[in-house]
Amino acid sequence: AQSASSIISLLLSPVAIILVSIWASSLGGVSWAQGEAKRVFNWHPVMMVTAYAIMNVGALIFRISGTSSYQASLQGSSSMPAASSGSKKRGIAKFSHASIWSLSFNWHP
């Protein structure tokens, strides 16, 4: 059930970005031009939802990949994969997690 909700969350993230972008365009669109403060501000909800969607991917990597320490504690040490393959998989998940979070923190126009 938890992995299904994670997958649904990942699928709905782009939908949220699209819906907020449509909403921003119905408010007059977006702009970087000086003197158009209202249209420049319309970037705010678009960027906030986009950053949240990127952080969502970063946060859910561990749940979907099965490498979180919480999942390991629930399963017990006997059901964990061999140390070498498990640590490699966890290392890849950690790198992906860190990369996506770095991207979301640096996401600004």
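Attention here is on the structure that accompanies the text. Given the structure is predicted, the values throughout are model-derived calculations rather than measurements.

### Focus: the overall build of the protein chain
And step 1. In terms of helices and strands, the protein chain carries 5 helices and 0 strands.
And step 2. Beginning at the N terminus, the succession of helices and strands in the protein chain can be written as α-α-α-α-α.
And step 3. Expressed as a percentage of its 109 residues, the buried residues of the protein chain come to 25%.
And step 4. Residue pairs in contact within the protein chain that sit at least 24 positions apart in sequence constitute 65% of those at least 6 positions apart.

### Describing the side chain of Asn56
And step 1. Along the chain, Asn56 falls in helix α3 (residues 43–65).
And step 2. In terms of polar contacts, Asn56 uses its side chain to reach the side chain of Ser9, at 2.9 Å.
And step 3. Beyond its immediate sequence surroundings of up to four residues, Asn56 is in contact with Ser9, Leu10 and Ser13.

### As for the side chain of Thr50
And step 1. Assignment of secondary structure puts Thr50 in helix α3.
And step 2. Residue Thr50 is classed as buried on the basis of its relative accessible area of 9%.
And step 3. A polar contact is formed between the side chain of Thr50 and the backbone oxygen of Val46, at a distance of 2.7 Å.

### Things to note about the packing of aromatic side chains
And step 1. A complete count under the given rule lists 1 aromatic pair for this structure.
And step 2. Each ring, one from Trp32 and one from Trp43, has its centre 5.1 Å from the other, and the planes form 15°; the classification is stacked. Residue Trp32 is located in the loop between α1 (2–26) and α2 (37–41), and its partner Trp43 is located in helix α3; the two are separated by 11 residues in the primary sequence.
And step 3. Relative accessible area serves as the criterion here: at 54%, Trp32 is assigned to the exposed category.

### A look at a nonpolar patch on the surface
And step 1. Together, Ile8, Leu12, Val15, Ile18, Leu19 and Ile22 make up a nonpolar patch on the protein surface, roughly 570 Å² of accessible area in all.
And step 2. On the secondary structure map, Ile18 appears in helix α1.
And step 3. The class of Ile18 is exposed, set by a relative accessible area of 51%.

About the cut-offs
Residues numbered from 1 in each chain as written. Predicted model: local features only at pLDDT ≥ 70, side-chain atom pairs only at ≥ 80, totals over all residues. Heavy atoms only, no water. Helix = DSSP H or I, 4+ residues; strand = E, 2+ residues; numbered from the N terminus. Buried < 20%, exposed > 50% of the residue type's maximum accessible area, 1.4 Å probe, protein only. Contact = heavy atoms within 4.5 Å. Polar contact = N/O pair within 3.5 Å; in protein donor to acceptor, adjacent residues only side chain to side chain. Phe/Tyr/Trp six-rings, centres within 6.5 Å; stacked < 30°, edge-to-face > 60°. Patch = residues over 30% accessible without salt bridge, like charges linked within 9 Å, V, L, I, M, F, W, Y side chains within 5 Å. Areas by Shrake-Rupley, 256 points an atom, 1.4 Å probe, with all protein chains shown as cover. Salt bridge = Lys/Arg side-chain N within 4 Å of Asp/Glu carboxyl O.

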